[in-house]
Amino acid sequence: QQLNHNPATTTTTTTAAAETNNERFRVAIIGAGASGMSNALHLAPLVEQGIIAKPIDIFDKYSPSDVHPHEMPSSQNDENFHPGTGHVGREIGIGIWSTALEPFLCNEIDDKPRSSHVQLIKKLQEMGEYVGRVGYRTPNGTWLTKGTLNTNGVNKESANLAKDKIDPSLLFIREKDFLSSLKSACEVEEQQHGTIKINYNTHVEDVALPKDIQSRNDAQSGYLKFSKDSASNAQSSKYNLIIAADGMHSAFRLKYGGHSSIERKWKQKTGETAKHSEEWESKARDEQNAIIDRQYTVFRGNAHLSDSEASMGGTSFQTWGKGKSMRFAAVGMSHPCLSDDGSNQNIRTEKQVWFATILDSELSGTKNVDERKMLLLERFKDWHNPVRELIQATPANKILMERGVAHKHSVYPVLNLAEIICYQEQSKKRIQNNDTEYQFISDPSSGPILVFTGDAAMTVDPVLAQGFTIAMESAADLAKTLKEALVEERTGDSSESLTFDSSKLRDALKDRNQRRYERILCLLRATKLVQAISQPSDFSGFISNNFVRPTMMIIPSFVKEKVFSYVMKYSLGLYGSHAIPKRLSKLSGEITTAAKVR
């Protein structure tokens with residue numbers, strides 16, 4: 001149920017600039033964060049091949065000189081503030097799995113990796129560090145299980161392995177270094193190839209349909225509407241595909257997501273009153289865009305301690321509490337830095353990235369950061385070392401606080417955007433004129449296509465550190481889909497012929513949505529399993545604390561390592577969503593046999 005749920009202010013609109021390739025497929029991306037830039041980089045080869053018009057336009061409402069929204073005073077004491085990465089990023093460490101990096105080096109889009117893609121992977125691996133030994137613990141420090149991740153990194157050979165042969169690795173890197181690496185790669189594309197253009201200070205508010213339909217391209221396109229405070233040179237072309245990468249609280253998702261129910265209603269022509277129609281339509285949209293509270297607050301920080309100073313022993317860990325959704329995790333990370341005199345950039349500094357979760361209204365409601373840090377130390381006072389040491393070593397004003405929330409549903413691509421725009425416009429007129437009749441557009445599949453990506457598509461629980469990974473994988477999959485669906489139709493120099501088949505493209509995007517459904521389903525199932533053990537409540541808490549954990553203590557390490565490896569790979573979609581029953585049945589047999597032997 002959680003997946004694949006398929007149920008304006010004053011603005012200025014610019015006219016399309018005259019271009020020699022204005023009949024080619026055009027793409028606009030809303031948001032210059034991690035997801036937006038990843039999509040542009042994966043689509044760049046299609047521009048080079050002449051399949052997509054030059055350039056891919058990225059629009060972002062912030063300026064390159066703006067600080068991250070989290071640094072703004074109004075946000076520092078608000079646990080419900082969710083700014084995403086922004087285009088700047090924070091000092092906090094983040095995890096990216098190799099399944100998100102390898103598509104940049106494989107041959108599915110181009111004959112060989114692009115220079116910008118190679119540069120991106122090289123810089124990411126230089127700026128971050130791969131995680132090696134990992135494990136799960138109890139609050140008293142007892143190890144429940146341990147495992148070892150691949151630390152060889154990604155290369156062209158690993159990028160072309162079959163799914164069942166992949167040995168995934170996890171790169172930890174500062175969020176700001178991750179975004180700066182993506183931005184540098186986009187700048188290479190913009191300056192050397194003209195395939196990408198990032199437009200800052202440009203706040204996209206809505207989409208408008210062409211008023212004068214003179215070609216098939218006009219019928220399959222739309223313009224962007226910018227706010228009055230956007231840059232004075234903000235300009236919109238006619239776009240066939242709009243990629244909404246504008247974060248968890250996506251304005252485009254809130255306005256256009258979840259409208260498939262409208263299409264069914266229009267075809268039925270029930271003749272219901274305007275008021276009833278508005279209530280019925282709003283209910284479907286609200287369900288589509290619902291955000292659920294995970295019932296805990298997340299605290300994040302970077303402790304400026306080396307592995308030896310923190311007594312980490314070279315092993316990252318996640319510790320599971322027994323109540324109040326308490327959990328603590330720490331991962332070692334290093335990154336380049338300048339020497340004291342600024343002369344040497346080959347020096348690396350070590351930090352321990354940590355996060356804690358807890359359901360505690362007093363703690364999350366405390367506005368003073370120093371008092372909040374003291375309360376956090378108090379709540380974890382009986383936990384094993386180095387939990388308190390890591391919290392203590394982090395400046396109070398650098399401990400980030402966010403409520404654990406996620407989307408209830410993934411969002412379906414909007415393939416009937418023109419119909420929805422017309423519906424909304426007519427709904428306003430119907431209410432004003434007390435009219436109950438609709439004027440139906442002749443082709444419900446006309447207009448541009450709207451695809452959601454990253455947190456705009458679905459914000460997932462941070463338990464398995466795959467938010468960025470899902471977003472980047474989705475970008476690679478979209479590029480692959482467009483490559484296969486955008487069929488060259490031109491004959492001669494006909495300016496009236498589109499370079500793509502609209503019906504074929506929409507069918508391909510439906511198939512892609514199913515693939516993304518299967519991928520996220522794997523993550524959600526694995527997350528559910530981990531949460532049932534790590535954050536138990538009610539009866540599941542009784543089962544976990546009295547049966548599951550004691551059983552884990554007596555199972556041999558080699559069996560637990562198999563389970564750990566399988567759950568990790570399954571969560572990354574490497575086995576497919578249908579592989580879990582058979583495989584887990586086999587593993588459960590091994591666990592039962594091992595428990596009996598003990």
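Look up: the structure comes first, before these words.
Now for a look at the structure at hand.

### Observations concerning the pattern of salt bridges
Step number 1: Scanning all chains against the criterion turns up 19 salt bridges.
Step number 2: Of the charged contacts, one joins glutamate 402 and arginine 90 as a salt bridge, the two residues approaching to 3.6 Å between their closest N and O atoms. Taken together, the residues span a long stretch of sequence, with glutamate 402 in strand β17 (residues 400-407) and arginine 90 in the loop between β3 (56-59) and β4 (93-97) at a distance of 312 residues.
Step number 3: One continuous salt-bridge network, built from bridges that share partners, spans Glu91, Arg174, Lys176, Asp177 and Lys351.

### Some thoughts on the packing of aromatic side chains
Step number 1: Counted by the stated rule, this structure contains 11 aromatic pairs.
Step number 2: Judged by centre distance (4.7 Å) and plane angle (15°), the rings of tyrosine 566 and tyrosine 575 are stacked.
Step number 3: Residue classification places tyrosine 566 among the buried residues on the basis of a relative accessible area of 2%.
Step number 4: Ring-pair connections join several aromatic residues into one group, and the members of that group are Phe317, Phe328, Trp354, Phe380 and Trp383.
Step number 5: The ring of tryptophan 143 has lysine 146 lying over it, and the distance from NZ or CZ to the ring centre is 4.6 Å.

### Examining the nonpolar core
Inside soluble globular proteins, nonpolar side chains tend to come together where they are buried.
Step number 1: Ile52 and Phe178 are the most contacted members of the largest nonpolar core, which totals 58 residues.
Step number 2: The element best represented in this core is helix α1 (residues 34-48), accounting for eight residues.
Step number 3: The residues touching isoleucine 52, leaving out its near neighbours within four places in the chain, are Phe25, Val27, Leu43, Leu46, Val47, Leu482 and Leu486.
Step number 4: If you look at the next biggest cluster of nonpolar residues, it comprises 23 residues, including Ala303, Trp354, Ile399 and Met401.

### Examining the sheet that holds β3
Step number 1: Here we have five strands laid out as an open sheet, ordered β9-β3-β2-β12-β18, and parallel in their pairing. Two strands lie at the open edges of the sheet, namely β9 (196-199) and β18 (449-452), each paired on one side alone. Strand-to-strand twist across the sheet, computed as the mean angle between neighbouring axes with direction ignored, equals 20°.
Step number 2: Running at roughly 170° to β3, α1 makes contact with β2 (27-30), β3, β9 and β12 (241-244) of the sheet.

### Section: the pairing of β17
Step number 1: Burial analysis of β17 places eight of its eight residues in the buried class, which makes it a mostly covered element.
Step number 2: As judged from the seven bridges shared by strand β13 (residues 291-303) and β17, these two strands associate in the antiparallel manner. Residue pairing for β17: isoleucine 292 is matched across the bridge by alanine 406.

What counts as what
Residues numbered from 1 in each chain as written. Predicted model: local features only at pLDDT ≥ 70, side-chain atom pairs only at ≥ 80, totals over all residues. Heavy atoms only, no water. Salt bridge = Lys/Arg side-chain N within 4 Å of Asp/Glu carboxyl O. Helix = DSSP H or I, 4+ residues; strand = E, 2+ residues; numbered from the N terminus. Phe/Tyr/Trp six-rings, centres within 6.5 Å; stacked < 30°, edge-to-face > 60°. Buried < 20%, exposed > 50% of the residue type's maximum accessible area, 1.4 Å probe, protein only. Lys NZ or Arg CZ within 6 Å of the ring centre and 35° of its normal. Core = buried A, V, L, I, M, F, W, Y, C linked by side-chain atoms within 4.5 Å. Contact = heavy atoms within 4.5 Å. Pairing = 2+ DSSP bridges. Axes fitted to C-alpha atoms, helices over the stretch in contact; angles between N-to-C directions.

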